[in-house]
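Single-letter residue listing:
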Amino acid sequence: MSAPPSLKSPATAAFLASPCLAVAPRAAVLGATAQPPRRLSCSAAVGAEARDLEVMSAPLDWAARSVGELEQATDLDTFCMMALSPLDGRYFRFIKDLMPFFSEFGLIRYRVLVEVRWLLKLSQIPEVKEVPPFSEEAQLFLDAIIQDFSINDAKEVKQIEKITNHDVKAVEYYLKQKCSSNPEVAKVLEFFHFGCTSEDINNLSHALALKEGVNTIMFPVMIDVCSAICSLATENAHVPLLSKTHGQPASPTTLGKEMANFAARLSDIGKSFSEVKILGKFAGAVGNYNADVVAYPEIDWPKMTEEFVRSLGLEFNPYVTQIEPHDYISKLFNLFVQFNIVLTDFDRDMWSYISAGYFKQIPKAGEVGSSTMPHKINPINFENSEGNLSVSNGLLCTLSMKLPISRLQRDLTDSTVLRNLGVGLGHSLLAYKATMQGIKKLEVNKVRLDEDLEQTWEVLAEPIQTVMRRYGIPEPFEKLKEMTRGQAVTKDSIRKFIEGLDLPEDAQSSLLKLTPHSYTGEAENLAANIWNVVDLKSGFKIK
């Protein structure tokens with residue numbers, strides 16, 4: 001999400017006002033926009049391995065900080081009002097935590113991270129003598145460029161891009177400007193982006209955004225949804241519910257068991273997320289390390305770049321063209337689509353249960369359900385969730401089908417499509433939060449549940465004919481069909497039928513005690529034991 005002109009900081013305004021920036025040729029841009037050195041600090045360890053580990057495991061303070069910067073913008077309400085996407089406008093407050101990862105700011109920041117980490121990696125390769133190992137001070141300086149990266153820094157990159165008309169090249173120029181004040185780094189500025197094609201930087205940036213954004217923002221909310229449904233299951237494990245198959249009365253279940261069904265399905269999908277490997281490539285213009293081999297033929301570049309990609313916390317893909325083929329994104333998004341399909345099923349069932357009066361909705365003070373019907377409390381949260389799940393799945397399916405296809409060694413169609421990763425996930429996040437709000441409003445209406453059960457004694461035809469089969473009574477199904485199908489069935493008529501059967505006394509007594517309320521089989525036990533089935537710890541994570 002780009003900030004409107006009215007949100008520019010004084011520092012950025014001064015940057016824009018630079019006469020050199022407006023008229024200088026490309027070569028002069030670097031010096032003209034260089035910033036005075038500022039004190040940079042970073043807690044990263046000096047050792048390369050320790051530093052990489054800390055970068056990947058440290059709390060994502062930068063993400064929270066960038067959201068805070070956005071919220072402090074002077075005219076955020078106006079920008080949200082004019083946003084073309086409802087995610088960035090009407091629903092901003094629900095999905096803002098996803099913005100640092102998938103916004104233009106997020107992409108630029110991840111690009112900066114990859115470029116800086118690659119320069120540090122080059123300094124650790126003995127054969128690259130032109131980039132000697134950096135001192136502790138220089139390493140901290142470079143680390144802090146990543147750790148302290150802000151929205152204003154991203155704006156500076158965007159201003160350079162107005163001249164270069166190339167987003168990745170703008171990041172390279174920005175870093176050269178930023179580092180020109182450091183004596184050590186200034187000597188090796190041309191090794192920023194060394195041997196790289198833009199897609200080496202981009203694919204790793206998108207991969208990092210997906211891994212961190214999904215792990216940090218998406219999965220916790222998905223786990224909350226599963227946990228809330230599990231709670232519905234256990235709290236209502238004993239509450240009998242009239243089933244409906246084909247919309248008609250069927251064998252009773254319990255409310256908790258029906259909730260447990262969804263919890264088990266969602267949890268099972270969650271386990272599959274841990275099987276997805278987030279991949280990265282760093283093999284140059286067509287995937288063969290062509291330029292690297294010419295420059296330093298003595299270096300094992302596949303091994304070296306694999307070490308680099310893995311140091312970022314990603315898996316390495318050795319067989320690529322100019323682009324990483326995005327197959328893993330398809331796998332990841334297909335799992336989201338599957339999760340969303342199950343949650344849509346849940347939303348629709350909850351809508352139906354509310355419509356049948358099985359759930360009441362707790363009214364919220366000041367909330368209006370209809371502009372003309374004062375009594376209404378509509379199931380808007382489940383409806384909102386269903387709608388956004390539909391939008392999300394449309395986008396995620398499009399992404400999963402399009403991204404793995406690229407003409408020959410590459411075309412540019414994936415570039416613009418990849419910018420919609422956050423849009424697809426954003427509508428999912430919005431839906432998950434809407435479902436959670438809907439669940440919080442629910443109150444079980446046991447009176448209504450009992451009414452429906454009391455009016456459908458015909459559902460006992462199933463157990464009666466099954467017991468008749470056991471004891472050899474001929475044509476049990478046909479006899480119950482004649483008695484119940486299309487007929488008004490009452491407690492008394494059922495009892496009379498049972499008493500007329502030639503059954504052992506204990507079997508007959510057992511059937512006479514049976515009611516629609518008690519005929520729920522193992523439903524209560526299945527619902528009560530759902531936490532033994534649902535696993536929210538080993539699932540819903542990308543390693």
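None of these values were measured; they are calculated from a predicted model.

(A) Summary view of unusual backbone geometry. Look at Asn 165: it is not a glycine, yet its phi comes out positive at around 55 degrees. Its identity as a non-glycine residue notwithstanding, Phe 540 has a phi of 55 degrees, on the positive side. By the element assignment, Phe 540 lies in the segment after α27 (523–528).

(B) Main features of the pairing of strand β2 (residues 248–254). Across five bridges, strand β1 (residues 240–245) lies against β2 in antiparallel orientation. Bridged to Pro 240 within β2 is Thr 254. Hairpin geometry of β1 and β2 is characterised by an intervening segment of two residues between the two adjacent antiparallel strands and by a positive phi of about 60 degrees at His 246.

(C) Here's a closer look at helix α5 (residues 61–71). Buried within α5 we find Trp 62, Ala 63, Ser 66, Val 67 and Leu 70. Projected down its long axis, α5 shows its buried positions confined to an angular sector of 140 degrees, all on one face. Within α5, the exposed residues directed more than 90 degrees away from the buried face are Asp 61 and Ala 64.

(D) Structural view of the environment of Tyr 110. On the secondary structure map, Tyr 110 appears in helix α9 (residues 104–123). On the basis of relative accessibility, which here comes to 1%, the residue Tyr 110 falls in the buried class. If sequence neighbours within four positions are ignored, Tyr 110 has contacts with Trp 62, Phe 101, Ser 205, Leu 208, Ala 209 and Glu 212.

(E) Structural context of the pattern of salt bridges. Under the definition given, this model contains 23 salt bridges. The shortest N-O distance in the salt bridge between Arg 310 and Glu 315 comes to 3.0 Å. Each of Glu 104, Arg 111, Lys 158, Glu 161, Asp 167 and Arg 419 takes part in a single network of salt bridges with overlapping partners.

(F) Structural view of the packing of aromatic side chains. Across all of its chains, the model carries 23 aromatic pairs by this definition. Relative to Phe 336, the ring of Phe 219 has its centre 6.3 Å away and its plane inclined at 10 degrees; by these criteria the two rings are stacked. You can see Phe 219 sitting in helix α14 (residues 198–235) and its partner Phe 336 sitting in helix α18 (residues 327–355), a full 117 residues away along the chain. Judged by its relative accessible area of 0%, Phe 336 is buried. On the basis of relative accessible area, Phe 219 is assigned to the buried category, the value being 1%. Through a chain of ring-to-ring contacts, three or more aromatic side chains come together here, namely Trp 118, Phe 191, Phe 194, Phe 282, Tyr 296, Trp 301 and Phe 308. Across the ring face of Trp 62, the terminal group of Arg 109 is positioned such that the distance to the ring centre comes to 3.9 Å.

(G) Summary view of the packing of α18 against helix α21 (residues 421–440). Across the interface, α18 lies against α21 with an axial gap of 11 Å and an inter-helix angle of 25 degrees. As judged from the angle between their axes, α18 and α21 are roughly parallel. Relative to α21, α18 is oriented so that their crossing is left-handed. Contacts from Ile 329, Phe 333, Phe 336, Phe 339, Asn 340, Leu 343, Phe 346 and Asp 347 of α18 reach α21 at Leu 421, Leu 425, Ser 428, Tyr 432, Thr 435 and Ile 439. For the contact of α18 with α21, a count of residues per class yields ten nonpolar, three polar and one charged.

Cut-offs applied
Residues numbered from 1 in each chain as written. Predicted model: local features only at pLDDT ≥ 70, side-chain atom pairs only at ≥ 80, totals over all residues. Heavy atoms only, no water. Helix = DSSP H or I, 4+ residues; strand = E, 2+ residues; numbered from the N terminus. Pairing = 2+ DSSP bridges. Buried < 20%, exposed > 50% of the residue type's maximum accessible area, 1.4 Å probe, protein only. Arc of directions from axis to C-beta. Contact = heavy atoms within 4.5 Å. Salt bridge = Lys/Arg side-chain N within 4 Å of Asp/Glu carboxyl O. Phe/Tyr/Trp six-rings, centres within 6.5 Å; stacked < 30°, edge-to-face > 60°. Lys NZ or Arg CZ within 6 Å of the ring centre and 35° of its normal. Axes fitted to C-alpha atoms, helices over the stretch in contact; angles between N-to-C directions. Parallel < 35°, antiparallel > 145°, perpendicular 65-115°, else oblique. Left-handed = near helix turned anticlockwise from the far one by under 90°. Nonpolar A, V, L, I, M, F, W, Y, C, P; charged D, E, K, R; others polar.

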